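# Breakdown of the fold
These are the residues of each chain, in order.
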Amino acid sequence: GNVATQLTRTVTVVADTTAPVLTLIGPATMTVKLRTTYVEQGATVYDEGDPNCQVVIGGQTVNTKVLGTYVVTYDATDASGNHAIQLTRTVTVIKK
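The rules we used
Residues numbered from 1 in each chain as written. Predicted model: local features only at pLDDT ≥ 70, side-chain atom pairs only at ≥ 80, totals over all residues. Heavy atoms only, no water. Helix = DSSP H or I, 4+ residues; strand = E, 2+ residues; numbered from the N terminus. Rg over C-alpha atoms; globule rule 2.2 N^0.38 Å. Buried < 20%, exposed > 50% of the residue type's maximum accessible area, 1.4 Å probe, protein only. Contact = heavy atoms within 4.5 Å. Areas by Shrake-Rupley, 256 points an atom, 1.4 Å probe, with all protein chains shown as cover. Salt bridge = Lys/Arg side-chain N within 4 Å of Asp/Glu carboxyl O.

The next thing to look at is the overall build of the protein chain. A count of helices and strands for the protein chain gives zero helices and six strands. Along the chain direction, N to C, the helices and strands of the protein chain fall in the order β-β-β-β-β-β. Relative to the compact-globule value of 12 Å for 96 residues, the protein chain shows a C-alpha radius of gyration of 23 Å, a clear excess of over 25%. Each principal axis of the C-alpha atoms in the protein chain carries an extent, and together these give about 90 × 15 × 15 Å. By the burial criterion, 25% of the 96 residues in the protein chain qualify as buried. Within the protein chain, contacts between residues at least 6 apart in sequence are counted, and of these 57% link residues at least 24 apart. Summed over all atoms, the accessible surface of the protein chain reaches about 7000 Å², with 53% contributed by carbon and sulfur.

Take the environment of Val-71 next. Relative to the elements of secondary structure, Val-71 occurs in strand β5 (residues 68–75). A relative accessible area of 32% means that Val-71 is categorised as partly exposed. In the structure, Val-71 is positioned eleven residues away from Gln-60 in sequence and 5.6 Å away in space, judged by C-alpha atoms. The residues contacting Val-71, other than those within four sequence positions of it, are Gly-58, Gly-59, Gln-60, Thr-88, Arg-89 and Thr-90.

Turning our attention to the pattern of salt bridges. Per the stated rule, a full pass over the model turns up one salt bridge. Across the pair Arg-89 and Glu-40 runs a salt bridge whose closest N-O atoms are separated by 3.8 Å. Highlighted residues: Arg-89 in strand β6 (residues 87–94) and Glu-40 in the loop between β2 (29–33) and β3 (43–46), separated in sequence by 49 residues. Judged by its relative accessible area of 0%, Arg-89 is buried.

Encoded structure:
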């Protein structure tokens, strides 16, 4: 016949509004020689709410057979639709 004291717990669910954070691997500007191999160093992404968030590499494809400047972009969007601040890498192909 004992009566328990009733407890109430309030849970507030808030939306994830924090954007993923991108970090370049290697320098933001690179120079490579004509007809050599360009190795994409990539970027990492951190998102506390979405451990499966992925880096998307876009922009221009670096063609080391053609002199010029190429801009490679790095993006990420987490599962809540938050967009990271886009990063870029500028790669310049020069004569040997």
